[in-house]
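Residues per chain, in single letters:
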Amino acid sequence: MSNAVLSVRGAGKFFPGVKALEDVDFDLEAGEIHALLGENGAGKSTLIKVITGVHPRDAGAVLLDGQEIHPQHPGDAQGLGISTVYQEVNLVPTLSVAENLMLERQTRKFGLISWKKTEADAKAALDTLGLDIDVNRPLGSYSVAIQQLVAIARAVALDAKVLILDEPTASLDGEEIQTLFRIMRELRAKGLGIVFVTHFLDQVYAVTDRITVLRNGRLVGTFVTRELAQIDLINHMLGRELAEVSAHRHQDEGNYNGPIRQIQIKNLGKKRVLEPVSLDLKAGEIVGLAGLLGSGRTELSELVFGTQRADSGLVFLDGEPVMLRSPRHAIRSGFGLCPEDRKQDGIVAELSVRENIVLALQGRRGWLRPIPRAEQQQFADDMIMALGIATPDSEKPVGQLSGGNQQKVILARWLVSKPILLILDEPTRGIDVGAHADIIKLIKELCDEGLALLVASSELEEIVAFADRVAVMRDREKVSELVGAEITQDNIIEAIAR
Amino acid sequence: MKINERFYPILATLAVLVLLYGYGIFEHRAFSDTYVLGALLTDNAFLIITAVGMTFVILSGGIDLSVGSMIAFIGVLMAELVSGFGMHPVLAALISLIVGSAFGAFMGVIIAKFDIQPFIITLAGMFFLRGICFLINLDSVPIDHPFVAAFSGFKVPLPGRGWLTASALLMLATVIGGVVIAHYTRFGRNVYAIGGDRHSAELLGIPVDSTIIRVYTLSGFFSALSGVVFAFYTASAYPLAAVGVELDAIAAVVIGGTLLTGGMGFVMGTFFGGIIMGVIQTLIAFDGSLNSWWTKIMIGALLFGFIVLQRLITRSFSGMRAGAT
């Protein structure tokens, strides 16, 4: 590792209740393209934020050319030679291409900007990438692909030693990706160290030299790309060092004997979002949705709940088609969704535990029939007891609870509205280990009470532990369905990698 | 060659100005006289000077509601310094400019350092300055000094019957100064960057806080200058002067083609915008049969049109964040 331009040693970053990054080592050599991989929440973006100074690190060291650095913000890191290009281009769309390239570096004559020289410099910077566009037009009038290349050109023009590309290909088409790869290889040849974050594994094999995998904020390992088979890579990403959980549920083990409600998803799909998927669910059954990030797990949940509108297919409840034009319709039909991004889409942080719990029920009843305060209190107290929500009282703002307890409040919200189908998208993301077990236990109990559950998760041992059936997703498509004894981590990984 | 998208709004502004002026010349022969032009430049001088400062504020994505009160406050302060303390008006004007800039900087520091909505801080500034006016003086007082008389008497003749007054000349100098700052200094370009996308500007290494403080300082300076011009022009001070001028200035900026959300626009556009508002007023005065409130109706209609036009242009941009549009 004598050649390492950027080294991270024992980096740690802790947020209240979560260890986002723990004891992570990372080495980037000059003249290599290094993939940084991991599922959502694995710590990729936290590591990048620690390197670039968005977050101060809580432990460890970051060394650039052997010198420890302490960037306070991305501007600092950029000044030191670490440039980052994000999926969402961080340039100014209303300014011209030339200005975006030359901001704060415009050539001046007698204290005033010389536009002629500035534009020529901008053109020269783009030439190094083989990009020939009108630098006077606003950046926003170009495609995202070009904007991204402009961002890279700016980074290169700033004499970057390290270039971090955070999901740069997510919104590019095939040809644009090839252009990007060509430029990445050229920059590698010039001695730049490139960190490439992506969730497209074929791209990892197409362009990278080495791979570092993170999981749950910890380092899994660094591998030479040529020597790592794709199935091993997926194994590393999804993880399986936990022993296979023996408490495996089988269909016949369910304890639910009530009326069987059937939910049938038939060819539900949306162009460019999800290939048509069919899936049957019934009361008292847990169906797991497995797959890598971007495989269509979240998209399927959103289509069923009406957050995104499907353009093909239907969902039937007991044989009757269900209107799924908006979450409102879905809630009326008895569907519930605990979204992946709890803070953004789930809780209303400023409202109290009680108010959050009655939200869905109130929505279903309509605002003209308010739930009496005493009844709300009853619901809230019952749920705090039943789910073991750790809160001093029902009036505490939800935002002040820990992640696990927030998740329980969202579960409680759906439980009081007595749903038929509950969709859980990554229910255990960002929750500490103790609460994790609680949530899994709750999911099983809910099922026994007669709910149909659809649970999307990137944690295989979790899915294996509770699912009666598993739908495996890959490339926005359902590729396999496993039942009963077939549900093992090996089988799921094989279905994903096939 | 395709015309750059950035010029669409200012071209629309120019078209409106030409149409209105052309209509005036077509309807009223006297409209073509340079006398009308000279009067337009003089009567709208203080508005346009303020609006130049407002252009920077709006380009940065902010707003400054304190400028109207600032004009009145500076007038009252000038009257007190000249009549009360017997100071020379030029010295009084210098002090006024420093006080105005300092107050702008003060608001800028609060806005930048505490990350507070500029709307609410400058609203507080608006009430505060208006209140201070009454603390100094309750009535309209004249500013009596030979220099003030000389200032309002100074005229450069134009071809025809018109002339440029000192106010108009100062205003034109301000516009040129504004253009240079906006387009030929790094500070000016940084203002555009912050208004276009503040988060990105920060990541691009732009000193966001200090730029914002300087923007409000500049607006304080220009509104104080406007107050000085207003005081010299009217040779009096009145605590209730220039009520609502902040809104006229905002209207001039928007009609001039500057994006109300920031990041796009031209100081020259603001000049045209201010002149358009003056032309509408003059047209209605020439007509004689229309109530003067028609000015407001016309300006309102123009604002509707320009805001929709801006929206159409920025909506075609990719990578424009929801917050930035």
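Located above this text is the structure these notes cover.
Residues numbered from 1 in each chain as written. Chains lettered and ligands numbered in written order. Predicted model: local features only at pLDDT ≥ 70, side-chain atom pairs only at ≥ 80, totals over all residues. Heavy atoms only, no water.

Peer 1: Mind laying out the interface of chain A and chain B, listing which residues take part and the relevant values?
Peer 2: The interface of chain A with chain B comprises 34 residues on the first partner and 30 residues on the second. Both faces combined, the contact of chain A with chain B buries some 2,700 Å², and carbon together with sulfur accounts for 55% of it. On the chain A side of the interface with chain B, the three residues burying the most area are Asn90(A), Thr94(A) and Glu104(A), jointly 23% of the side's total. Seen at the junction of chain A and chain B, the total is one salt bridge. The closest approach of N and O atoms between Glu99(A) and Arg189(B), which form a salt bridge, is 2.4 Å. (Contact = heavy atoms within 4.5 Å. Buried area = accessible area lost by both parts, 1.4 Å probe. Salt bridge = Lys/Arg side-chain N within 4 Å of Asp/Glu carboxyl O.)

Peer 1: So what about a nonpolar patch on the surface? Which residues, and what values?
Peer 2: Residue and element names in this part refer to chain B. Taken together, the side chains of Phe7, Tyr8, Leu11, Leu14 and Val18 present a nonpolar region at the surface, about 420 Å² in accessible area. Its place among the elements puts Phe7 in the segment before α1 (8-27). When its relative accessible area of 33% is taken as the criterion, Phe7 is described as partly exposed. (Patch = residues over 30% accessible without salt bridge, like charges linked within 9 Å, V, L, I, M, F, W, Y side chains within 5 Å. Areas by Shrake-Rupley, 256 points an atom, 1.4 Å probe, with all protein chains shown as cover. Helix = DSSP H or I, 4+ residues; strand = E, 2+ residues; numbered from the N terminus. Buried < 20%, exposed > 50% of the residue type's maximum accessible area, 1.4 Å probe, protein only.)

Peer 1: Help me get a handle on the pairing of strand β13 (residues 262-270) of chain A, residues and values and all.
Peer 2: All names here are of chain A. As defined by bridge partners, β13 adjoins strand β14 (residues 274-282) across six bridges and the pair is classed as antiparallel. Bridge assignment links Ile265 to a residue of β14, and that residue is Leu279. Between β13 and the antiparallel strand that follows it, β14, lie three residues; Arg272 among them carries a positive phi value of about 65°. Across five bridges, the pairing between β13 and strand β16 (residues 312-317) is antiparallel. If you follow Ile265 over to β16, its bridge partner there is Val315. (Pairing = 2+ DSSP bridges.)

Peer 1: Can you lay out the environment of Ala93(B) for me, pointing to particular residues and giving the numbers?
Peer 2: Residues and elements named next belong to chain B. Among the structural elements, Ala93 can be located in helix α5 (residues 89-113). For Ala93 and Leu81, which are twelve residues apart along the polypeptide, the C-alpha to C-alpha distance reads 9.2 Å. Ignoring any residue separated from it by four or fewer positions in sequence, one finds Ala93 in contact with Met78 and Val228.

Peer 1: A description of helix α8 (residues 166-184) of chain B should follow, citing residues and the corresponding values.
Peer 2: Two residues of an α-helix separated by three or four positions point the same way, owing to the 3.6 residues in each turn. The first and last C-alpha atoms of α8(B) sit 26 Å apart over 19 residues, in line with the 27 Å expected at 1.5 Å per residue. Where α8(B) is concerned, the buried positions are Ala166(B), Ser167(B), Ala168(B), Met171(B), Thr174(B), Val175(B), Gly178(B), Ala182(B) and His183(B). (Expected span 1.5 Å × (residues − 1).)

Peer 1: Mind laying out unusual backbone geometry, listing which residues take part and the relevant values?
Peer 2: Phi is positive for Asn216(A), which is not a glycine, with a value near 50°. Look at Asp115(B): it is not a glycine, yet its phi comes out positive at around 50°. Summarising the element assignment, Asp115(B) is placed in the loop between α5 and α6 (118-136).

Peer 1: Any details on the sheet that holds β13(A)? Residues and values, ideally.
Peer 2: Residues and elements named next belong to chain A. Read across the open sheet, the four strands follow the order β14-β13-β16-β17; overall the sheet is antiparallel. Strands with a single pairing partner mark the edges of an open sheet, and in this sheet they are β14 and β17 (320-321). Sheet strands touched by helix α9 (residues 297-305): β13 and β14. Its angle to β13, the strand with the most contacts, is close to 115°. (Axes fitted to C-alpha atoms, helices over the stretch in contact; angles between N-to-C directions.)

Peer 1: Please provide a residue-by-residue account of the pattern of salt bridges, values included.
Peer 2: A complete count under the given rule lists 21 salt bridges over all chains for this structure. Between Glu395(A) and Arg354(A) there is a salt bridge, with the nearest N and O atoms lying 2.7 Å from each other. Within this pair, whereas Glu395(A) is found in the loop between α13 (373-387) and α14 (403-416), its partner Arg354(A) is found in helix α12 (residues 353-365), the two being separated by 41 residues in sequence. For Glu395(A), a relative accessible area of 34% translates into the label partly exposed. A salt bridge links Asp248(B) to Lys296(B); its shortest N-O distance comes to 3.9 Å. Pair noted here: Asp248(B) is in helix α12 (residues 245-255) and Lys296(B) is in helix α14 (residues 293-315), with a separation of 48 residues, a long-range link. One salt-bridge network, in which partners are shared between bridges, spans Glu285(A), Arg469(A), Lys478(A) and Glu481(A).

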